[in-house]
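Chain by chain, the residues:
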Amino acid sequence: MVHTNLPDAAACVVIGGGVGGTSIAYHLTRLGLRDVVLVEQHELTEGTTWHSAGFVGQLRSTISQTRMIMYSGGLYAELARGTGRDPGWRGVGGIRVATTPERVQELERQAGSATTYGLQLDLLSPAQAQERLPLLAVGDVLAAAWMPGDGYLDPVLLTEALAEGARRGGAALHARTKVTGIDVRDGRVTGVRTDRGAIAAETVVIAGGAASGVLGRLAGVTIPVIPMRHQYVVTEPLDPPVGEVPTVRDPDGIMYFRPEAGGLLVGGYSRDPVTWDVAEPLAEPRALFGADMERFGESWANAVRRVPALRDAAIAKVVNGPEAFTPDGEFVLGETEVGGLWAAAGFCVHGLAGAGGVGKVIAEWIVDGRPEYDVASMDIRRFGAQYRSARHVRVKALDAYSRYYDVVYPHEERDAGRPLRVPSTYERLAELGAAFGEKAGWERANWLEANAAAGEASLRPRGWAGRFWSPAIGAECLATRDAAALFDQSSFSKLDVRGPGAVAALGRLCANDVDKPVGSAVYTQLLNPAGGIEADLTVTRVAEDAFRVVTGTAFGRRDLAWIRGHLPRDGATVAEDVTSARACLCLWGPAAREILQPLTDADLSHEAFRFLTAREIGVGAVPVFAQRITFVGELGWELYCPAEYGRALWDALWAAGAGHGLRAGGYRAIDSMRLEKGYRVWGTDITPETTPDQAGLGFAVRIDKPGGFIGREALLAAREAGGPAEALRCLVLDDPLAICLGDEPVRVGGVPRGRVTSGGYGHRVGCSIAYAYLPAALAPGDRVEVAVFGRWIGAQVAREPLYDPGNDRVRGTATAAR
């Protein structure tokens with residue numbers, strides 16, 4: 001099984017001989033890459049894979065995660081045919097039970113999501129659940145879900161099958177080979193050093209499970225994983241012995257179980273988790289910890305209540321082993337800041353379920369330049385500089401583990417590791433009763449409770465959408481419409497691109513034409529070669545060879561990497577993140593000009609300061625770079641200043657607005673208003689899998705601009721083929737208090753044809769709004785239905801934007817825009 005001679009060089013070195021590493025090697029060879037070397041310090045599986053409980057549950061929180069695990073299930077079912085090795089797959093199906101009304105609502109929402117994912121999920125009554133598994137006690141069960149595609153497998157057999165497939169494809173697997181160093185030159189990986197010799201390689205993948213963080217540090221990069229202690233028990237055979245029955249998850253009881261050798265394997269998530277704090281995790285093979293039945297007590301007690309046959313069961317063994325957890329409980333995948341060095345780690349107890357999909361994604365990313373699925377939610381670049389702190393990673397990972405089975409409500413905020421990044425206006429916002437949320441470590445005002453009394457409490461949405469809500473949101477929207485509102489958007493990522501090659505590089509990257517006069521702001525997308533949207537941003541020319549790029553709070557690191565990857569190699573043109581150096585306050589509303597003009601000597605008239613232009617001005621004593629642009633559909637400016645001036649700028653604007661009805665506003669109001677204007681959000685409405693033409697953003701594409709742009713050929717080919725079959729459509733629901741949260745199925749003529757990308761209540765237009773990709777033939781006025789928590793609600797396709805369709809208010813030409 002072990003190659004005796006370590007090669008001097010390889011096209012790709014995979015570090016880690018667990019299920020993730022062998023899957024990556026297997027998939028690389030399937031894509032034609034033959035010169036693949038896998039190294040493992042012990043024998044295969046002897047890190048964190050060997051003791052896995054082996055569950056494969058297909059339904060996850062995003063469509064990409066679900067598709068990855070659905071792919072895994074399909075791969076495992078056929079793996080023996082291609083490798084000659086049985087992976088131990090048991091497709092017994094899975095049951096998920098709900099014992100609280102909130103959990104039933106979660107099941108109803110998951111059933112809707114499953115419909116959009118193409119995954120079979122059937123809702124069951126308690127009696128139907130018991131019929132499928134008579135072992136279950138269902139006296140407290142309110143509902144259940146049946147997923148026939150779920151199952152379990154043997155982790156060692158699966159790894160051996162993937163390893164055999166990799167070997168047959170030409171990969172060399174070297175066990176008992178410990179990596180001692182990773183070589184980097186000029187920002188790119190050049191190879192690895194082991195205790196058996198060095199291997200030169202331009203591509204290296206770290207798939208070391210709980211040891212991935214240590215391996216990353218060998219190259220000077222952070223892979224934010226924390227080794228956690230995760231426990232399960234296996235009972236002696238029950239009487240009668242348990243056969244091939246479905247797997248069961250009981251999240252309200254924080255436990256799960258499946259059949260094992262006539263008994264049950266029962267696992268759970270502790271509310272008081274424990275990390276494994278050692279300098280070198282997995283230094284010894286097959287590491288386990290002592291049994292901790294006290295910490296496991298809640299899960300075991302709930303398992304006994306769910307399966308009364310366990311009351312007299314003897315425990316055959318306790319497995320308390322290391323598992324790699326991440327700060328948000330999701331995989332860590334993708335290329336690190338060191339070119340050619342990739343991470344595939346942080347499998348968070350569902351590594352076996354995801355391993356097939358992880359192998360596919362990483363291999364496609366390496367060989368083809370991008371994966372089939374949108375994996376932004378798993379991309380390592382979602383973690384900012386604060387995650388270089390192992391202490392911060394630990395705090396967030398402990399929180400993620402302890403809440404792993406909790407119902408996840410939209411807009412719910414967690415407190416772990418906060419506050420961390422605070423804007424210069426933090427105290428001012430707090431004085432106004434800010435309900436702070438967190439994004440990318442930033443504290444951001446969701447709404448200001450000081451505005452609640454001016455809002456309408458009767459507009460509280462039904463169900464989950466109304467759990468974390470305030471009438472202040474509506475008051476802030478209407479203030480923006482009728483007078484003005486002041487928002488702090490300092491968290492938005494700000495990237496500076498400058499140098500002699502900046503114009504050409506951004507011209508090639510951007511689908512729109514950014515080669516405009518200094519002081520011009522351009523809305524554009526960055527596309528991949530397939531025409532998918534990699535980024536959605538604003539580019540402002542600040543000098544002949546310098547541009548300011550503004551993108552979403554959580555996307556700065558990712559977008560910066562994309563831009564840097566397409567800059568000239570001579571180093572004369574650079575891109576850097578200046579987010580923390582600049583505060584950004586947004587003054588929007590018809591009174592914005594009247595509030596701002598007395599504070600500056602600059603002429604703010606429509607003729608002197610046009611929409612989509614920018615310039616340096618003084619506001620009071622504060623030096624400001626002002627952009628006349630909006631994300632809410634009203635007259636106004638984004639005002640950028642050095643961060644240390646941020647509070648002074650806020651105070652000056654706040655005082656000036658006192659007689660004009662100025663209110664402070666939060667991000668929930670922004671989201672409501674952007675829906676009314678049809679402004680898209682990257683990651684939900686638009687992704688690397690959707691094109692500008694599908695998303696209704698063709699107006700931001702200059703298809704014939706000199707020099708072309710990445711993705712142009714794909715867009716042209718699609719247009720010549722008749723255009724997209726699906727397009728993003730605006731829907732207005734018949735029930736104004738039924739609010740879509742995303743992933744709800746949409747049916748046309750009684751047949752599911754799409755899913756909601758985002759939704760909310762539009763306070764300026766007085767209706768529930770949703771966006772969904774639907775057949776492009778649908779036109780305004782056509783009728784559809786949307787399933788909101790299991791209830792089909794009528795909706796109408798609407799012409800967009802719903803608010804100010806002529807953009808008169810944005811351009812300052814409306815009567816109300818003073």
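Above: the structure in question.
Residues numbered from 1 in each chain as written. Predicted model: local features only at pLDDT ≥ 70, side-chain atom pairs only at ≥ 80, totals over all residues. Heavy atoms only, no water.

> Quick rundown of helix 12 (residues 502-509)? Include the residues and the values.
Among all positions of helix 12, only A502, A505, L506, G507 and L509 are buried. Of the surrounding secondary structure, the elements contacted by the buried residues of helix 12 are strand 23 (493-498), strand 24 (521-527), strand 25 (533-543), strand 26 (546-551) and helix 13 (556-564). (Buried < 20%, exposed > 50% of the residue type's maximum accessible area, 1.4 Å probe, protein only. Helix = DSSP H or I, 4+ residues; strand = E, 2+ residues; numbered from the N terminus. Contact = heavy atoms within 4.5 Å.)

> Run through the sheet that holds strand 37 (residues 783-788), naming residues and quoting values.
The strand order 33-36-35-34-37-38 describes a closed barrel built from six strands, whose pairing is antiparallel. Direction aside, neighbouring strands of the sheet carry axes that sit 40 degrees apart on average. In terms of strand pairing, strand 34 (residues 745-748) meets strand 35 (residues 751-762) through four bridges, oriented antiparallel. The partner of P745 across the bridge, within strand 35, is R755. (Pairing = 2+ DSSP bridges. Axes fitted to C-alpha atoms, helices over the stretch in contact; angles between N-to-C directions.)

> Which residues make up the nonpolar core, and what are the values?
Ranked by internal contacts, the top residues of the largest apolar core, which has 54 residues, are V13, I15, I182, I223 and L341. In terms of nonpolar packing, the next biggest core, distinct from the first, is built from 44 residues, V56, L75, W89 and V205 among them. (Core = buried A, V, L, I, M, F, W, Y, C linked by side-chain atoms within 4.5 Å.)

> Before we move on, could you go through the packing of helix 1 (residues 19-30) against helix 8 (residues 351-368) and cite the residues and values that matter?
Where helix 1 meets helix 8, the closest approach of the two axes is 8 Å, and the angle between their N-to-C directions is 40 degrees. For the element pair helix 1 / helix 8, the angle class is oblique. As for how helix 1 packs across helix 8, the hand of that crossing is right-handed. In contact with V19, S23, I24, H27 and L28 of helix 1, helix 8 contributes G351, L352, A355, G356, G359, K360, I362, A363, I366 and V367. (Parallel < 35°, antiparallel > 145°, perpendicular 65-115°, else oblique. Left-handed = near helix turned anticlockwise from the far one by under 90°.)

> Quick one: what's the story with the sheet that holds strand 22 (residues 484-488), residue by residue and with numbers?
One open sheet accounts for six strands, arranged 29-30-31-28-22-32; its pairing is mixed. At either end of the open sheet lies a strand with only one pairing partner, and these are strand 29 (614-619) and strand 32 (662-664). The sheet shows a mean angle of 25 degrees between the axes of neighbouring strands, taken without regard to direction. Here strand 29 pairs with strand 30 (residues 622-627) via six bridges, running antiparallel. Bridge pairing in strand 30 places V619 opposite V622.

> Quick rundown of the environment of A452? Include the residues and the values.
In this structure, A452 sits in the loop between strand 21 (442-448) and helix 11 (472-482). A452 sits 20 residues away from A472 along the chain, and the two C-alpha atoms are 3.8 Å apart. Excluding residues within four positions of it along the chain, A452 makes contact with S470, P471 and A472.

> Which residues make up the pairing of strand 15 (residues 255-260), and what are the values?
Every other side chain in a regular strand lies on the same face of the sheet, so the side chains alternate between the two faces. Burial analysis of strand 15 places five of its six residues in the buried class, which makes it a mostly covered element. Strand direction decides the pairing type here: strand 14 (residues 247-250) and strand 15, joined by three bridges, are antiparallel. Note that in strand 15 the partner of R249 across the bridge is Y256. Connecting strand 14 to the antiparallel partner strand 15 that follows it, the hairpin turn spans four residues, and I254 within it adopts a positive phi of roughly 40 degrees. Here strand 15 runs beside strand 16 (residues 263-268); their pairing, made up of six bridges, is antiparallel. Across the sheet, residue F257 finds its bridge partner in strand 16, namely V266.

> Hey, could you go over the side chain of H350 for me, with residue numbers and the actual values?
The topology assignment puts H350 in the loop between strand 19 (341-345) and helix 8. Taking relative accessible area as the criterion, H350 reaches 7% and is therefore assigned buried. Excluding its chain neighbours within four sequence positions, the residues that come into contact with H350 are R60, G329, F331 and Y404.

> Give a detailed account of helix 5 (residues 155-168), specifying residues and quantitative values.
The terminal C-alpha atoms of helix 5, which comprises 14 residues, lie 20 Å apart, in line with the 20 Å expected from a rise of 1.5 Å per residue. Where helix 5 is concerned, the buried positions are P155, L158, T159, A161, L162, A163, E164, G165 and A166. In this fold, the buried residues of helix 5 make contact with helix 1, helix 2 (63-83), strand 8 (172-174) and helix 8. Between the side-chain oxygen at the start of helix 5 and the backbone nitrogen of V156 there is a gap of 2.9 Å, and the oxygen is on D154. (Expected span 1.5 Å × (residues − 1). Polar contact = N/O pair within 3.5 Å; in protein donor to acceptor, adjacent residues only side chain to side chain.)

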